[in-house]
Each structure stands twice: as structure tokens, then as C-alpha cells.
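# Descriptive structure summary
Here is what each chain is made of, one letter per residue.
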Amino acid sequence: MKDCIFCKIVRNEIPSYTVYEDDIVKAFLDISQGTPGHTLVIPKKHIANIFEYDEELASEVFARIPKIARAVKASNPDIKGMNILNNNGQVAYQSVFHSHFHLVPRYTSNDDFKMIFKDNSNKYSPDQLKAIQESIEQHMGD
Ligand code: 5GP
Ligand code: ZN
């Protein structure tokens, strides 16, 4: 896509610190470096978000992530773990609308990455959970 910043990175029109690429994906350092080594993995094909993957592209992209994650982890002995996240939609903090996966190396539980979601389990009855389950199930394959 012409004006997409990540498509420009794929075409090398914008420089990036690329750590891996092949015909399917490109992996490069996130400019924000939330923690040292913070890396983005993107499909070279422009798709906006997770909802646009077909099974083939999903298989191809996801298949490459563990290898890239292992290389990032091996690059620094202080990396103890890694969060992998994928934001979809502005409401979910997506700011670049070319699908990407964040590989965020973790050094301590007190480093610069935070992920917070509430435990609302006490607010749901089994019937409410069943209704949610069925609604999702009904849309499988949409
Ligand atoms: P999102 O908020 O959409 O999940 O993540 C977008 C990420 O892209 C942000 O973490 C941001 O730092 C990164 N980013 C935005 N523009 C550029 C750029 O030009 N180069 C690189 N390497 N990363 C970028
Ligand atoms: Zn794009």
C-alpha cells in the first residue's frame, strides 16, 4: 500500500534495523525500543489486522515467530522472558494499520513494559459465560 509506513519499510524506502527477512515476513527493531531488543514481525503483504489473515498467511507468519523470538532472546543474556502482542484496532492501541507482532524482551518484572487486565471472574455466572461461549462458537468460520 502506497502510503503505509510499514509497506515503505518492506520496500526499504524507509530505513529500518532489520534482523530477519524472507519472502513472507520482515522483522525489524521497533523504533520505540520499549525494552532493549523490542522487535516487530510483519507480513510483507499489506493486511491491516488479525481479522484479515487467511489460514495460509497466518501459518506462514506465525511459523516464523518462534525462530525470531529465539534469536532476540539469545542476543542478550539479560533477557529472561518475552511478551508477544498484537494490537488490532485503535481501541486496542493499534497505531500502525499494517498487521504486526511485537516481540518485547523482558528483563525484570519491573522493566518498561506493562500489561494490565482486570480479573472480572467474580462478575460472571456460568449462564453468562455459556452465552458468550455460544455466541462466539456460532460465528466460527464467518
Ligand atoms: P502499534 O501501536 O500499532 O501496536 O505499534 C506500532 C509500533 O510501530 C509502535 O511501537 C511504534 O514505535 C512503531 N513504529 C512506528 N513508526 C515506526 C517506524 O518508522 N519505524 C519503526 N522501526 N517502528 C515504527
Ligand atoms: Zn502496509
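For the structure itself, consult the block above.
Quick notes on the rules
Residues numbered from 1 in each chain as written. Chains lettered and ligands numbered in written order. Predicted model: local features only at pLDDT ≥ 70, side-chain atom pairs only at ≥ 80, totals over all residues. Heavy atoms only, no water. Near = heavy atom within 4 Å. Polar contact = N/O pair within 3.5 Å; in protein donor to acceptor, adjacent residues only side chain to side chain. Areas by Shrake-Rupley, 256 points an atom, 1.4 Å probe, with all protein chains shown as cover. Helix = DSSP H or I, 4+ residues; strand = E, 2+ residues; numbered from the N terminus. Donors = N, O, S within 2.8 Å, 3.2 Å for Na, K, Ca; no water. Tetrahedral: all angles 85-135°; square planar, octahedral: opposite > 155°, others 65-115°. Buried < 20%, exposed > 50% of the residue type's maximum accessible area, 1.4 Å probe, protein only. Contact = heavy atoms within 4.5 Å.

## Description of the site of ligand 1
Neighbouring residues of ligand 1: 16 residues in total, closest Leu29, Asp30, Asn87, Ser95 and His102. Contact distances for ligand 1 include 2.9 Å between an oxygen atom and a backbone N or O atom of tyrosine 93. The separation between an oxygen atom of ligand 1 and a polar side-chain atom of histidine 102 is 2.8 Å. With the chains in place, 82% of the 520 Å² that ligand 1 exposes on its own is no longer accessible. Listing elements by their share of the shell around ligand 1, those giving two or more residues are helix 1 (5–10) and strand 2 (25–29).

## As for the coordination of the zinc ion (ligand 2)
Donor atoms from the polypeptide that coordinate the zinc ion (ligand 2) comprise Cys4 (SG), Cys7 (SG), His46 (ND1) and His98 (ND1), at 2.1 to 2.3 Å from the metal. One can describe the donor arrangement at the zinc ion (ligand 2) as tetrahedral, given that its 4 donor atoms subtend angles of 106 to 117° at the metal. Within one chain, the residues serving as donors to the zinc ion (ligand 2) are arranged as C-x2-C-x38-H-x51-H. With a gap of 42 residues between them, cysteine 4 in the segment before helix 1 and histidine 46 in the loop between strand 3 (39–43) and helix 2 (55–74) connect regions that are remote in the sequence. Here cysteine 4 falls in the buried class, since its relative accessible area comes to 8%. Overall, histidine 46 belongs to the partly exposed group, its relative accessible area being 23%.

## Structural notes on the side chain of asparagine 83
If you trace the backbone, asparagine 83 turns up in strand 4 (residues 81–85). Since its relative accessible area comes to 17%, asparagine 83 is described here as buried. Here arginine 106 takes part through its side chain, which lies 2.8 Å from a polar atom of the side chain of asparagine 83. Setting aside its immediate chain neighbours within four residues, asparagine 83 contacts His102, Leu103, Val104, Arg106, Phe113 and Met115.

Functional significance is not addressed by these values, which are geometric in nature.
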